[in-house]
Amino acid sequence: MRALSFHGAGDLRLEELPAPEPKAGWVRLRPLATGVCGTDAHIVRGEFPAPAPVVLGHEIAGTVDAVGAGVKHLREGDLATVQPNTFCGLCRHCRLGRQHLCAAMRAFGVHLNGGFAEAMAVSAGEVYRLPPGAGPRLGCLTEPLACSIHGMDRLAVRSGSTVLVLGAGLVGLMLTRLARLAGAGWIAVSEPDAERRADAVAFGADATANPRAAGWKDSLPAEGFDFVIDAAGSAETFETAVSLAARGGRILVFGAAPEKAAASIRPYEVFSKELTILGSLINPNTHERAVSLLPQMGLEKLRILAFPLGRFQEAFAAQTAGTAATKVEILPQE
Ligand SMILES: [Zn+2]
Ligand SMILES: [Zn+2]
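Conventions and cut-offs
- Residues numbered from 1 in each chain as written.
- Chains lettered and ligands numbered in written order.
- Predicted model: local features only at pLDDT ≥ 70, side-chain atom pairs only at ≥ 80, totals over all residues.
- Heavy atoms only, no water.
- Phe/Tyr/Trp six-rings, centres within 6.5 Å; stacked < 30°, edge-to-face > 60°.
- Helix = DSSP H or I, 4+ residues; strand = E, 2+ residues; numbered from the N terminus.
- Buried < 20%, exposed > 50% of the residue type's maximum accessible area, 1.4 Å probe, protein only.
- Lys NZ or Arg CZ within 6 Å of the ring centre and 35° of its normal.
- Pairing = 2+ DSSP bridges.
- Axes fitted to C-alpha atoms, helices over the stretch in contact; angles between N-to-C directions.
- Contact = heavy atoms within 4.5 Å.

## Side note on the packing of aromatic side chains
Each pair of aromatic rings is reported with the distance of its centres and the angle of its planes. This model, assessed by the stated rule, comprises four aromatic pairs. Ring geometry for Trp 26 against Phe 108: centres 5.8 Å apart, planes inclined by 75°, an arrangement best described as edge-to-face. Separated by 82 residues along the polypeptide, Trp 26 in strand 3 (residues 26-36) and Phe 108 in the loop between strand 8 (106-107) and strand 9 (120-123) bring together distant segments of the chain. With a centroid separation of 6.2 Å and 15° between ring planes, the pair formed by Trp 186 and Phe 225 is classed as stacked. Note that Trp 186 is positioned in strand 12 (residues 186-190) and Phe 225 in strand 14 (residues 225-230), a separation of 39 residues in sequence. By relative accessible area, Trp 186 is classed as partly exposed at 31%. Over the face of the ring belonging to Trp 26 we find Lys 23, whose NZ or CZ atom lies 4.5 Å from the ring centre. One cation-aromatic arrangement involves Lys 301 over Phe 203; the distance from NZ or CZ to the ring centre is 5.5 Å.

## Some words on the sheet that holds strand 14
The strand order across the open sheet formed by six strands is 13-12-11-14-15-16, and the pairing between neighbours is parallel. In this open sheet, the two strands that pair with only one neighbour each are strand 13 (207-209) and strand 16 (276-279). Taking each pair of neighbouring strands and ignoring which way they run, the sheet shows an average axis angle of 20°. Where helix 4 (residues 142-155) meets the sheet, its contacts fall on strand 14, strand 15 (245-253) and strand 16, and the angle it forms with strand 15 comes to roughly 150°. Its contacts with the sheet put helix 7 (residues 235-244) on strand 11 (162-166), strand 14, strand 15 and strand 16, and the angle it makes with strand 15 is roughly 155°.

As structure tokens, this is what we get:
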């Protein structure tokens with residue numbers, strides 16, 4: 001089978017590997033669409049640790065191709081998506097029910113061979129059947145949706161409240177839609193790219209603003225927002241989130257800023273406005289709900305750019321360029 005393997009920083013190779021056989025409790029999947037995520041690009045640039053060689057791709061939808069002994073909930077031919085993260089089960093976080101904080105977390109497509117391949121083996125417990133009508137191109141977005149649902153759990157938006165989303169990339173759009181579904185009263189989205197601002201309106205924003213325009217904050221409510229979501233992930237957007245949060249506001253740090261980025265905020269502002277600042281990491285027990293919610297998300301409105309496996313270099317370049325599409329995917333069977 002053809003597979004896209006990471007062999008070290010800057011060294012991504014399309015190569016021929018033996019197709020894996022599913023052991024007991026595992027299945028073999030034929031990935032039909034696998035999303036190219038910022039994490040994949042970080043790994044290839046050597047900015048995120050991954051063991052080499054490993055087949056990348058952790059946002060996966062495909063067909064169950066072979067079922068190992070003892071697997072009851074899946075059959076050959078099922079269209080399914082993968083929850084990519086596995087945990088040690090033994091550390092303090094795992095035993096407290098906070099598996100997503102496990103320091104020994106290993107993910108398919110990061111540490112274990114993933115979905116940029118014509119076939120992959122995966123433990124059957126991590127495989128979820130897609131709902132009727134959901135094809136693989138939207139199905140592979142279940143993983144970022146599951147992460148977004150965890151963010152919404154953390155934020156706990158109240159009906160009728162005001163929400164500001166910073167950034168209208170894929171997760172910014174998902175979080176905008178989730179805020180709308182959660183009953184938000186008024187949602188504003190800030191985003192420098194005009195096409196992405198139009199996407200934000202399509203996903204439920206009541207107003208958009210361009211943070212590169214002079215005096216852009218003047219168009220927003222002076223009292224600030226009850227809930228602010230940093231879906232961009234930078235020191236600058238974090239500072240903006242603090243400054244635009246209302247008294248009693250809750251801030252969700254969702255986008256991953258560069259590891260060394262440092263922001264400048266005044267502790268007095270956090271104290272005097274009684275702010276709550278929340279992180280959100282991956283998808284603890286949210287993949288099941290992401291599968292259920294997939295048909296309600298309006299994801300068919302996304303601008304998806306898909307490339308056959310052999311054109312992976314173009315796919316990674318499009319992901320890095322960012323604005324040509326809201327999502328870049330690789331189609332491993334093409
Ligand atoms: Zn990802
Ligand atoms: Zn653990």
